[in-house]
Amino acid sequence: MAALTREETEALIQEVLEVYPDKAKKDRAKHLMVNDKELESSKKCITSNRKSLPGVMTMRGCAYAGSKGVVWGPIKDMISISHGPIGCGQYARGGRRNYYVGTTGVDTFCEMNFTSDFQEKDIVFGGDKKLAKLINEIELLFPLNKGISIQSECPVGLIGDDIEAVAKKAAAQINKPVVPVRCEGFRGVSQSLGHHIANDSVRDWIISNRDGQAFEKTPYDVAILGDYNIGGDAWASRILLEEMGLRVVAQWSGDGTLAEMENTPNVKLNLLHCYRSMNYISRHMEEKYGIPWLEYNFFGPTKIAESLRKIASYFDDRIKEGAERVIEKYTPAMNEVIAKFKPRLKGKKVMLYVGGLRPRHVVGAYEDLGMEVVGTGYEFAHNDDYDRTIKDMGEATLIYDDATGHELDEFVKAMKPDLIGSGIKEKYVFHKMGFPFRQMHSWDYSGPYHGYDGFAVFAKDMDLTLNNPCWKLIQAPWTKPAVEAVQEAA
Amino acid sequence: MANIMIRSSDKGYVFYLPKRDLEASIESIEFDTPEKWGGELKLDNGGSYYIEPQVKPARLPISLRARRLGAVED
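The structure presented is a predicted model; accordingly, all values stated were derived computationally and were not measured. (Residues numbered from 1 in each chain as written. Chains lettered and ligands numbered in written order. Predicted model: local features only at pLDDT ≥ 70, side-chain atom pairs only at ≥ 80, totals over all residues. Heavy atoms only, no water.)

Chemist: Explain the overall build of chain A here, please?
Modeler: If you tally the helices and strands in chain A, you get 21 helices and 14 strands. For chain A, the spread of C-alpha atoms along the principal axes amounts to about 65 × 65 × 45 Å. Burial analysis of chain A (490 residues in total) assigns 56% to the buried set. Restricting the contact set of chain A to residue pairs at least 6 apart, pairs at least 24 apart contribute 73%. For chain A, the accessible surface area stands at approximately 20300 Å², while carbon and sulfur atoms represent 55% of it. (Helix = DSSP H or I, 4+ residues; strand = E, 2+ residues; numbered from the N terminus. Buried < 20%, exposed > 50% of the residue type's maximum accessible area, 1.4 Å probe, protein only. Contact = heavy atoms within 4.5 Å. Areas by Shrake-Rupley, 256 points an atom, 1.4 Å probe, with all protein chains shown as cover.)

The following block contains the structure:
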């Protein structure tokens, strides 16, 4: 049962749209919908992956964020150069908390910022020479790196530097892969195109590097795709797969290495967690190497059991038994977690607004805790994501695409959820409004949330946030009476 | 002309247009025999594309060049 009826939700959308000028209103109306489970395709009711309106506050990122921050950044033994001015790399550093094993600065490099630090003269005379010099310096200072990727920032595309030529020359010189990635921030409408560009560059420069080389295969080889090991997510997923008898050959790309990626064409099955950021390379491997791919969901015991069985159905009885064994092993512990937290969380309403996958994937985990997701939305999803979302969400729930600051504020005020899950840009606004809030991009500095172990952390975190007494004590600064402010000043 | 990819799923053929990240199921394909395969593709989103009839590919997915027939999807 949704918080609002269909008519009420529709009225809410109309009310929120009222403030826009006619043209903007017409455009934004296409991005908001009330869920109808009967629908097979989202096409007719929601438009996605379109340019944000000028003047509204969008939460989206850029193509560079999608490529450097999401796909390439977490590969631990490769160095990703932020090619361009220093800010893009420096202010994005460490934000996603991609955990890894290794000694930073010696054989692993995720937490470091490598940049060509463009100055005025580099814009005027071009930055290719600087880039070549930078690669040589990296090779001298960090000889244990396994490869280098060049992540272009906006100016590189604007002045037309030929980073491909530099990369080819440098690769021959240092005898390691040097990958030019044309992920200038201005490309596309959101970080989504950055994921696509990054996947394409992996396809063109990495994936076929070891074709024809010997590899000791087993019939149980799989690769984890689209898990960025945020707070240890990929580890919590990996142990479940290994326990059921599979061999995880590669992690893309959290705690992953270049060698793992190059070996991926040898696996039997690609397991795809983040569909939005890695479906491209999965499709390529399916066509070129005949590797099937499978979307799975490791949030919450219900979805985990479903996913483990789905994964096992691709293998023989040994793995199928393994899956049942794993589910049986963890069920008592999960029942304990649910028994402990469900009474404290039951019936609470949640609103989500995250990136390209979690708005639908975490729904199952909330439902396991007896909570209800009353509104969800994506920053940068495409139509195929919404097709999948419609099935996962309750009837008459609110769905919003690329929501603006105004829309989110108004929806929250009207629906009064008990918990909001969104990103860092929304976090403090809702804190000040007195709403319990979890930062669902990097798990609010907690984690892991994937897998059975992750669910225990997830349940505890939701309880700690939601039932924290501090929220009742907060009054938004803009709702305080004006008199008080005068007295304080005096 | 556009590069497209056709893959098979449990619900039939699926059409994918990488350039625009567009995924849609194929509702009908003009020729679907081992000797002659292709022709006009009708998509569930209302679009239609044309691929040169050819021998049915031994393995799917396959990347092909396709011509857009109906202007659809805004």
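Chemist: So what exactly am I meant to see when it comes to the overall build of chain B here?
Modeler: Of regular secondary structure, chain B possesses zero helices and six strands. Of the regular secondary structure in chain B, the N- to C-terminal order runs β-β-β-β-β-β. Expressed as lengths along the three principal axes of its C-alpha atoms, the size of chain B is roughly 35 × 25 × 20 Å. Counting across all 74 residues of chain B, residues that qualify as buried make up 43%. Relative to all contacts within chain B whose residues are 6 or more apart in sequence, the contacts with residues 24 or more apart total 31%. Carbon and sulfur atoms form 50% of the exposed surface of chain B, whose accessible area is close to 4100 Å². Across chain B, the 11 positively charged side chains and the 12 negatively charged ones have centroids separated by 5 Å. (Lys, Arg positive; Asp, Glu negative; His and termini not counted. Charge placed at Lys NZ, Arg CZ, Asp CG, Glu CD.)

Chemist: Explain the sheet that holds strand β8 (residues 269–272) of chain A to me, please; I cannot follow it from the model alone.
Modeler: In a beta sheet, neighbouring strands are held together by backbone hydrogen bonds and run either parallel or antiparallel to one another. All names here are of chain A. With parallel pairing, the four strands of this open sheet are ordered in space as β7-β6-β8-β9. Two strands lie at the open edges of the sheet, namely β7 (247–253) and β9 (293–295), each paired on one side alone. Neighbour-to-neighbour, the strand axes of the sheet open up by a mean angle of 25°, direction not taken into account. With three bridges joining them, β8 and β9 adopt parallel strand pairing. Bridge pairing in β9 places L272 opposite E295. (Pairing = 2+ DSSP bridges. Axes fitted to C-alpha atoms, helices over the stretch in contact; angles between N-to-C directions.)

Chemist: Please clarify how the packing of aromatic side chains should be interpreted in this entry.
Modeler: This structure, assessed with the given rule, holds 19 aromatic pairs over all chains. When the ring of Y330(A) is compared with that of Y452(A), the centres are 4.8 Å apart and the planes differ by 10°; the resulting orientation is stacked. Of this pair, Y330(A) sits in helix α14 (residues 317–345) while Y452(A) sits in helix α20 (residues 451–466), and the two are 122 residues apart along the sequence. Owing to a relative accessible area of 1%, Y452(A) belongs among the buried residues under this scheme. Members of the aromatic cluster, joined through ring pairs, are F299(A), Y366(A), W443(A), Y449(A), F455(A) and F458(A). In this arrangement the basic side chain of R283(A) is found over the ring face of Y16(B), its NZ or CZ atom lying 3.8 Å from the centre. The positively charged end of K36(B) is found above the aromatic ring belonging to F31(B), 3.9 Å away from the centroid. (Phe/Tyr/Trp six-rings, centres within 6.5 Å; stacked < 30°, edge-to-face > 60°. Lys NZ or Arg CZ within 6 Å of the ring centre and 35° of its normal.)

Chemist: What exactly am I supposed to notice about empty space enclosed by the protein here?
Modeler: In this approach, a probe sized like a water molecule rolls over the atoms, and the result shows the empty space that is left. All names here are of chain A. In the structure shown here, the tally under the stated rule is four cavities of 30 Å³ or more. Put simply, the largest cavity is a space of about 70 Å³. Lining the largest cavity are K68, G73, I75, M78, I79, S80, F109, C110, M112 and F114. Considered as a void within the structure, the second largest cavity measures approximately 40 Å³ in volume. Lining the second largest cavity, in full, are D27, R28, H31, K51, S52, L53, V56, D402 and T404. (1 Å grid on protein atoms, 1.4 Å probe; cavity = no way out; pocket = protein on both sides within 12 Å on 5 of 7 lines; lining within 4 Å. Points joined across faces, edges and corners; volume = space filled by probe spheres on them.)

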